[in-house]
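So you can see what is in the structure, the chains are spelled out below.
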Amino acid sequence: MSARILNGTELGQQIRAELRQQVEELKQAGVTPGLAAVLVGENPASHIYVRNKIRACEELGLYSERHTPPATTTTAELLALIDDLNRRPEIDGILVQLPLPAQVDTQRVLQAVDPAKDVDGFHPMNVGALVANRPALRPCTPAGVMELLARNGIALKGARAVVVGRSDIVGKPLALLLLHQHATVTVCHSRTRDLPGVAREADILVAAMGKAAFVTPDFVRPGATVIDVGINRIEDAATAEKLFARHPAKLEEFRRKGNVLVGDVHPDVVEVAGALTPVPGGVGPLTIALLMVNTVQAARQRRGVANRVEAVR
Ligand code: NDP
């Protein structure tokens, strides 16, 4: 048996098509939602992420701009930039691409973002609202996972959900969102005892740990839904040959390009799971779609057009 593949690319496009209508209506009301991305230094992965986010804005007809302070920038310089973006009325969303360089106080920078413009949902006020299950901007990747589960009809009420990873960006907020949808949630991390045993209890297993192919078939109860948040690049031929021994298409891709992406879930899990998100093309596209949702939502709320346009969610 092979798992049903939960296609995030198609779903991301669907969400963006729904948003396009909303953006048109907003524009007719004289509002063009605007996103400012702050990208510090030369981290290649961060550059790709920001480029994709800006491109998504352009495709949707949103206003966007990119700020690229050098890797040597200081906390004070970043705070001044955030202050400026907070004040500008045409900017509805501010995204600070992480990680920031070591000399920068990341928490201070994230706390400086106006909570109403915090489209990443990282400000303590929005985190508090999430804990209390009150409306606010939600972190994009966890919100994207929830959208993926909902739109694929995966029932959460009473289900056993196991989230592997407890970061502030993915694991923790996702655990809260699942809990609010009445799943029975277990959060695992690097100190969890018998991780495979705990994971096997899951109806819905989420891997968000940043460890390539760590979640092997013995972690998965047959038929479970497996959500793979991880993005890891494999550049070593021996590892690729071993991981993709039963997946000739991926192996071919590696031989062609010299590298290939793999999630935190081992490719062979497809033979055990009931449903599985691919990497790439699973959670990633949803993250970007939800950033667009958040930017439009922030624009509606900031500019007082909240009731004129129906929300996606
Ligand atoms: P972090 O490194 O911040 O957190 C990783 C978490 O996994 C930690 O809680 C850590 O535990 C846990 N962990 C690490 N190793 C193990 C282990 N051996 N057993 C059990 N738990 C373990 O990562 P992020 O949450 O930021 O990202 C996770 C992954 O998701 C990464 O691959 C990242 O690239 C990807 N990602 C993908 C996105 C997308 O759009 N698809 C968006 C954001 C991230 P502990 O707390 O004990 O250290």
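Since the model is a prediction, treat every value here as computed from it, not as a measurement.

Colleague: Please set out the side chain of threonine 75 residue by residue, giving values where relevant.
Modeller: One can find threonine 75 in helix H3 (residues 75-87). Among the polar contacts listed, one links the side chain of threonine 75 to the backbone nitrogen of aspartate 105, at a separation of 3.0 Å.

Colleague: Quick rundown of the sheet that holds strand E3 (residues 63-67)? Include the residues and the values.
Modeller: Ordered in space as E3-E2-E4, the 3 strands form an open sheet in which the pairing is parallel. Sheet topology places E3 and strand E4 (93-96) at the edges, where each strand pairs with a single neighbour. Each neighbouring strand pair of the sheet contributes to a mean axis angle of 15 degrees, computed without reference to strand direction. Pairing of strand E2 (residues 34-38) with E3, which is carried by 5 bridges, proceeds in the parallel orientation. Among the inter-strand pairings, alanine 36 is bridged to a residue of E3, identified as glutamate 65.

Colleague: Explain the packing of helix H2 (residues 44-60) against helix H11 (residues 283-302) to me, and be specific about the residues and the numbers.
Modeller: At a closest axis distance of 10 Å, the pairing of H2 and H11 adopts a crossing angle of 55 degrees. Between H2 and H11, the angle is such that the two are oblique. Both H2 and H11 take part in a crossing whose hand is right-handed. Judged by residue contacts, Asn52, Lys53, Ala56, Cys57 and Leu60 of H2 engage Ile288, Leu291 and Met292 from H11. Here the contact of H2 with H11 is built from residues that sort into 6 nonpolar, 1 polar and 1 charged.

Colleague: An account of the confidence of the model for the protein chain is needed here, citing residue identities and associated values.
Modeller: On average, the protein chain scores 96 in pLDDT, and the residues at 70 or more come to 97%. Scored below 50 in pLDDT, residues 307-313 shows 21 contacts in the model against residues more than four places distant or in partner chains.

Colleague: Tell me about the pairing of strand E5 (residues 160-164), and name the residues and values.
Modeller: In terms of burial, E5 is largely enclosed, as 4 of its 5 residues are buried. Two elements, E5 and strand E6 (residues 184-188), share 5 bridges in a ladder whose sense is parallel. Paired with valine 163 across the two strands is valine 187, which belongs to E6. Across 4 bridges, E5 lies against strand E7 (residues 204-207) in parallel orientation. Of the residues in E7, the one forming a bridge with alanine 161 is isoleucine 204.

About the cut-offs
Residues numbered from 1 in each chain as written. Predicted model: local features only at pLDDT ≥ 70, side-chain atom pairs only at ≥ 80, totals over all residues. Heavy atoms only, no water. Helix = DSSP H or I, 4+ residues; strand = E, 2+ residues; numbered from the N terminus. Polar contact = N/O pair within 3.5 Å; in protein donor to acceptor, adjacent residues only side chain to side chain. Pairing = 2+ DSSP bridges. Axes fitted to C-alpha atoms, helices over the stretch in contact; angles between N-to-C directions. Parallel < 35°, antiparallel > 145°, perpendicular 65-115°, else oblique. Left-handed = near helix turned anticlockwise from the far one by under 90°. Contact = heavy atoms within 4.5 Å. Nonpolar A, V, L, I, M, F, W, Y, C, P; charged D, E, K, R; others polar. pLDDT = per-residue confidence, 0-100. Buried < 20%, exposed > 50% of the residue type's maximum accessible area, 1.4 Å probe, protein only.

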